[in-house]
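Results of the structural survey
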Amino acid sequence: MKNSGNSNAHDNTDLYESLRLELRRGYLILAVLAQLKTERYGYTLRKALADDGLAIDESTLYPLLRRLESQGLLVSEWREEDKRNKRFYRLSADGKRMLKQLVEEWRSMNTSLEKILPKE
C-alpha cells in the first residue's frame, strides 16, 4: 500500500513534534532546577521560564514539580501570600548537587553537539 504525499507530510509533522517534545523534556528539567535556586511558586516559575523563552503549560509544570520533589531534588511548603495559599518550591541540598552535575553534563554535551551539528 502506497502512502500519499499528504499522509507522509502529516507523519513527518507528528514525528517532528514527538522528537521535539522528547528534546524539550530534558532541558525543561534543567531549566526548572536552575530557576529554583531562588524560591518560587508555580506562577512566578512559569513566568520566569517564559520570560527566558521557555513557555511551559501548567499541565506540564506541576507534574514535573511533584516528580522532582518526590525524587528529593525539591522541597516545598504552603504559605499564605496575598490572602491566598501558594506552594513555594526551592532546590533541596540534593537538588543543588544534581543541578551542578547536570549543568556540567549539559555543557559537555553542548560542546560536542556544536562540533557535530551543521554550522548553517
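Quick caveat: nothing in here was measured; it's all calculated off a predicted structure. (Residues numbered from 1 in each chain as written. Predicted model: local features only at pLDDT ≥ 70, side-chain atom pairs only at ≥ 80, totals over all residues. Heavy atoms only, no water.)

1. Some thoughts on the overall build of the protein chain
How we decide: Secondary structure elements follow DSSP: runs of H or I no shorter than four residues count as helices, runs of E no shorter than two count as strands, and numbering proceeds from the N terminus. Here the globule rule reads 2.2 Å times residues to the power 0.38, and the radius of gyration is calculated from C-alpha atoms. The classification of residues rests on relative accessible area computed with a 1.4 Å probe and restricted to protein chains. Under 20% of the type maximum is buried, over 50% is exposed, and intermediate values are partly exposed. Every residue pair with non-hydrogen atoms within 4.5 Å of one another is taken to be in contact. For accessible areas, the Shrake-Rupley method is used with a probe of radius 1.4 Å. Any residue's cover is judged against the shown protein chains and nothing else. In this count, Lys and Arg are taken as positive residues and Asp and Glu as negative ones, while His and the chain termini are left out. Here the site of a charge means atom NZ of a Lys, CZ of an Arg, CG of an Asp or CD of a Glu.
The helix and strand inventory of the protein chain stands at four helices and three strands. Put simply, the protein chain runs from its N terminus to its C terminus through helices and strands in the order α-β-α-α-β-β-α. Relative to the compact-globule value of 14 Å for 120 residues, the protein chain shows a C-alpha radius of gyration of 18 Å, a clear excess of over 25%. Summarising its shape, the C-alpha atoms of the protein chain cover approximately 60 × 35 × 25 Å along the three principal directions. Across the 120 residues that make up the protein chain, the buried fraction comes to 23%. Look at the contacts in the protein chain between residues 6 or more apart in sequence, and 45% of them connect residues 24 or more apart. Put simply, the protein chain shows about 9100 Å² of open surface, and 51% of that area lies on carbon and sulfur atoms. Side-chain charges in the protein chain split into 22 positive and 19 negative, and the spacing between the mean points of these groups amounts to 3 Å.

2. Structural notes on the nonpolar core
Rule in force here: The term nonpolar core refers to a set of buried residues drawn from Ala, Val, Leu, Ile, Met, Phe, Trp, Tyr and Cys, joined through side-chain atoms within 4.5 Å.
Within the largest apolar cluster, 19 residues are counted, with the highest numbers of intra-cluster contacts made by Val32, Leu36, Leu65 and Leu74. Broken down by secondary-structure element, the contributors of at least two residues to this core are helix H1 (5-35), helix H2 (42-51), helix H3 (58-70) and strand E3 (84-91). A total of five residues in this core trace back to one element, the largest contributor, which is H1. Those residues in contact with Leu65, other than ones at most four positions away along the chain, are Val32, Leu36, Leu45, Leu74 and Tyr89.

3. Some points on the packing of aromatic side chains
Formally: Side-chain rings of Phe, Tyr and Trp, where Trp is taken by its six-membered ring, are said to pair if the distance between their centres is within 6.5 Å; with planes under 30 degrees apart they count as stacked, over 60 as edge-to-face, and otherwise as tilted.
Taken as a whole, this structure holds one aromatic pair when the rule is applied. Both rings, one in Tyr41 and one in Phe88, keep their centres 5.3 Å apart while their planes meet at 70 degrees; by these two values the pair is edge-to-face. Placement of Tyr41 in strand E1 (residues 40-41) and of Phe88 in strand E3 is noted, with a sequence separation of 47 residues between them. The exposure classification of Tyr41 matches that of Phe88, with both residues buried.

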